[in-house]
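Structural description and commentary
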Amino acid sequence: NAHEPVKESPPNSKKTHHSSCMKLHHVALTVRDLEKSEAFYVEHFGLSVAHRYAKEEIGARAVFLSTGSIYFELFSFDEKKIGELTDLSVTGIKHIAFYTDDIAREHVRLTTNGLTCTEPKIGSSDGTYFFTTDPDGHQIEIYQNPALSV
(Lines give C-alpha, C1' and ligand atoms only; values in the text may rest on other atoms or scores of the structure.)
Protein backbone atom coordinates (compact mmCIF):
# COMPACT_ATOMS: atom_id res chain seq x y z
CA ASN A 1 0.00 0.00 0.00
CA ALA A 2 1.36 3.41 -0.99
CA HIS A 3 0.06 5.07 2.15
CA GLU A 4 1.42 3.30 5.19
CA PRO A 5 0.47 4.11 8.80
CA VAL A 6 2.72 6.29 10.91
CA LYS A 7 5.30 4.47 13.02
CA GLU A 8 6.24 5.91 16.40
CA SER A 9 9.84 7.10 16.85
CA PRO A 10 12.10 5.14 19.18
CA PRO A 11 12.36 7.01 22.53
CA ASN A 12 16.07 7.88 22.14
CA SER A 13 16.07 8.79 18.44
CA LYS A 14 17.46 12.09 17.18
CA LYS A 15 14.65 14.33 15.91
CA THR A 16 14.44 17.67 14.21
CA HIS A 17 11.21 19.42 15.09
CA HIS A 18 10.43 21.32 11.92
CA SER A 19 11.67 22.22 8.49
CA SER A 20 11.85 25.84 7.45
CA CYS A 21 11.75 24.88 3.76
CA MET A 22 8.34 23.16 3.77
CA LYS A 23 5.15 24.96 2.75
CA LEU A 24 1.59 23.83 2.20
CA HIS A 25 1.33 23.11 -1.54
CA HIS A 26 -2.10 21.74 -2.46
CA VAL A 27 -5.34 20.06 -1.41
CA ALA A 28 -6.70 17.40 -3.79
CA LEU A 29 -10.41 16.86 -4.34
CA THR A 30 -12.12 14.28 -6.52
CA VAL A 31 -15.16 15.81 -8.20
CA ARG A 32 -17.96 14.42 -10.34
CA ASP A 33 -17.70 17.07 -13.09
CA LEU A 34 -14.28 18.65 -13.61
CA GLU A 35 -15.45 21.55 -15.77
CA LYS A 36 -18.32 22.46 -13.44
CA SER A 37 -16.10 22.33 -10.34
CA GLU A 38 -13.32 24.26 -12.04
CA ALA A 39 -15.78 26.97 -13.06
CA PHE A 40 -17.18 27.11 -9.51
CA TYR A 41 -13.78 27.69 -7.87
CA VAL A 42 -12.68 30.16 -10.57
CA GLU A 43 -15.93 32.12 -10.45
CA HIS A 44 -16.67 32.09 -6.73
CA PHE A 45 -13.22 32.03 -5.17
CA GLY A 46 -11.02 33.71 -7.77
CA LEU A 47 -8.76 30.71 -8.35
CA SER A 48 -6.94 30.52 -11.68
CA VAL A 49 -5.99 27.53 -13.84
CA ALA A 50 -2.30 26.73 -13.35
CA HIS A 51 -1.82 23.29 -14.93
CA ARG A 52 -3.95 20.57 -16.57
CA TYR A 53 -2.99 16.92 -16.97
CA ALA A 54 -4.41 13.42 -17.39
CA LYS A 55 -3.74 10.13 -15.64
CA GLU A 56 -4.96 8.00 -18.54
CA GLU A 57 -3.97 4.71 -16.89
CA ILE A 58 -6.71 5.27 -14.29
CA GLY A 59 -9.19 7.20 -16.47
CA ALA A 60 -8.65 10.56 -14.76
CA ARG A 61 -8.31 14.18 -15.79
CA ALA A 62 -7.06 16.85 -13.42
CA VAL A 63 -6.41 20.54 -13.04
CA PHE A 64 -4.34 22.54 -10.57
CA LEU A 65 -6.13 25.75 -9.57
CA SER A 66 -4.07 28.47 -7.89
CA THR A 67 -5.13 30.56 -4.92
CA GLY A 68 -1.97 32.64 -5.32
CA SER A 69 -0.35 30.89 -2.37
CA ILE A 70 -1.51 27.23 -2.54
CA TYR A 71 -3.20 25.05 -5.13
CA PHE A 72 -6.39 23.02 -5.30
CA GLU A 73 -5.96 19.90 -7.43
CA LEU A 74 -9.29 18.70 -8.85
CA PHE A 75 -9.66 15.15 -10.22
CA SER A 76 -12.50 13.74 -12.31
CA PHE A 77 -12.73 10.07 -13.26
CA ASP A 78 -14.39 8.34 -16.21
CA GLU A 79 -15.83 5.79 -13.80
CA LYS A 80 -17.56 7.30 -10.76
CA LYS A 81 -17.46 5.34 -7.48
CA ILE A 82 -18.57 5.50 -3.89
CA GLY A 83 -16.08 3.94 -1.51
CA GLU A 84 -13.09 4.59 0.69
CA LEU A 85 -11.63 8.10 0.68
CA THR A 86 -8.14 6.59 0.36
CA ASP A 87 -9.25 5.53 -3.15
CA LEU A 88 -8.18 8.46 -5.36
CA SER A 89 -11.25 8.05 -7.60
CA VAL A 90 -13.84 8.52 -4.79
CA THR A 91 -15.36 11.99 -4.28
CA GLY A 92 -13.83 13.81 -1.31
CA ILE A 93 -10.59 15.25 0.07
CA LYS A 94 -7.65 12.95 -0.75
CA HIS A 95 -4.56 14.36 0.92
CA ILE A 96 -2.79 17.47 2.16
CA ALA A 97 0.47 18.29 0.41
CA PHE A 98 3.45 20.21 1.66
CA TYR A 99 5.91 21.66 -0.82
CA THR A 100 9.67 21.32 -0.49
CA ASP A 101 12.64 22.40 -2.59
CA ASP A 102 14.53 19.25 -1.56
CA ILE A 103 12.43 16.06 -1.61
CA ALA A 104 15.38 13.79 -0.72
CA ARG A 105 16.28 15.82 2.37
CA GLU A 106 12.67 15.81 3.60
CA HIS A 107 12.35 12.06 3.02
CA VAL A 108 15.46 11.46 5.16
CA ARG A 109 14.29 13.94 7.82
CA LEU A 110 10.80 12.47 8.16
CA THR A 111 11.92 8.83 8.15
CA THR A 112 14.65 9.71 10.68
CA ASN A 113 11.89 11.23 12.82
CA GLY A 114 10.12 7.86 12.79
CA LEU A 115 7.49 8.36 10.10
CA THR A 116 6.81 5.59 7.62
CA CYS A 117 7.11 7.11 4.15
CA THR A 118 6.70 5.77 0.65
CA GLU A 119 9.71 6.10 -1.64
CA PRO A 120 9.87 9.32 -3.71
CA LYS A 121 8.73 8.94 -7.30
CA ILE A 122 7.87 11.10 -10.29
CA GLY A 123 4.13 11.38 -10.90
CA SER A 124 1.84 12.21 -13.83
CA SER A 125 1.87 15.90 -12.83
CA ASP A 126 5.67 15.96 -13.47
CA GLY A 127 6.34 16.43 -9.75
CA THR A 128 8.32 14.21 -7.41
CA TYR A 129 6.46 13.09 -4.30
CA PHE A 130 6.14 10.67 -1.43
CA PHE A 131 3.44 10.01 1.16
CA THR A 132 3.18 9.54 4.89
CA THR A 133 0.17 9.72 7.22
CA ASP A 134 -0.77 11.71 10.29
CA PRO A 135 -1.77 10.02 13.57
CA ASP A 136 -5.37 9.65 12.35
CA GLY A 137 -4.36 8.11 9.02
CA HIS A 138 -4.89 11.24 6.90
CA GLN A 139 -2.64 11.14 3.86
CA ILE A 140 0.16 13.72 3.78
CA GLU A 141 2.06 14.22 0.53
CA ILE A 142 5.50 15.81 0.37
CA TYR A 143 5.80 17.34 -3.10
CA GLN A 144 8.45 18.94 -5.28
CA ASN A 145 7.90 20.40 -8.75
CA PRO A 146 9.78 23.58 -9.75
CA ALA A 147 7.04 24.38 -12.29
CA LEU A 148 4.47 24.48 -9.46
CA SER A 149 6.50 25.88 -6.57
CA VAL A 150 4.84 28.06 -3.92
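One can find the structure itself at the top, above this paragraph.
Comments concerning the overall build of the chain
Of regular secondary structure, the chain possesses 2 helices and 8 strands. Each helix (α) and strand (β) of the chain, taken in turn from the N terminus, gives the series β-α-β-β-β-β-α-β-β-β. The buried share among the 150 residues of the chain stands at 44%. In the chain, of all internal contacts separated by at least 6 residues, the share reaching a separation of at least 24 is 57%. Counting only carbon and sulfur atoms, one obtains 54% of the accessible surface of the chain, whose full area is about 8800 Å².

Let's talk about the pattern of salt bridges
Tallied over the full model, the rule gives 5 salt bridges. With a closest N to O distance of 2.7 Å, Arg61 and Glu35 form a salt bridge. Remark: Glu35 occurs in helix α1 (residues 34–45) and Arg61 occurs in strand β3 (residues 60–66); sequence separation between them is 26 residues. For Arg61, a relative accessible area of 36% puts it in the partly exposed group. The partner of Glu106 in a salt bridge is Arg105, with the nearest N and O atoms 3.6 Å apart. Since its relative accessible area comes to 0%, Glu106 is described here as buried. What emerges from the salt-bridge pattern is a single network uniting Asp102, Arg105, Glu106 and Arg109.

The rules behind the values
Counting restarts for each chain, with residues numbered from 1 along the sequence as it is written. Totals for whole chains, interfaces and linings use all residues, but because this is a predicted model, local features are given only for residues with pLDDT of at least 70 and pairs of side-chain atoms are given and counted only at 80 or more. Neither water nor hydrogens contribute to the side-chain values; these are computed over all heavy atoms in the structure. Per the convention used, a helix needs a DSSP run of H or I reaching at least four residues, while a strand needs a run of E reaching at least two, with both numbered from the N terminus. Burial here depends on accessible area, computed with a 1.4 Å probe over protein chains only, as a share of the maximum for the residue type. Under 20% is buried, over 50% is exposed, and the range in between is partly exposed. By the convention used here, residues are in contact when the closest approach between their heavy atoms is within 4.5 Å. Residue exposure ignores everything except the shown protein chains as possible cover, and the areas themselves are Shrake-Rupley values with a 1.4 Å probe. Salt bridges are identified by distance alone: a Lys or Arg side-chain nitrogen within 4 Å of an Asp or Glu carboxyl oxygen.

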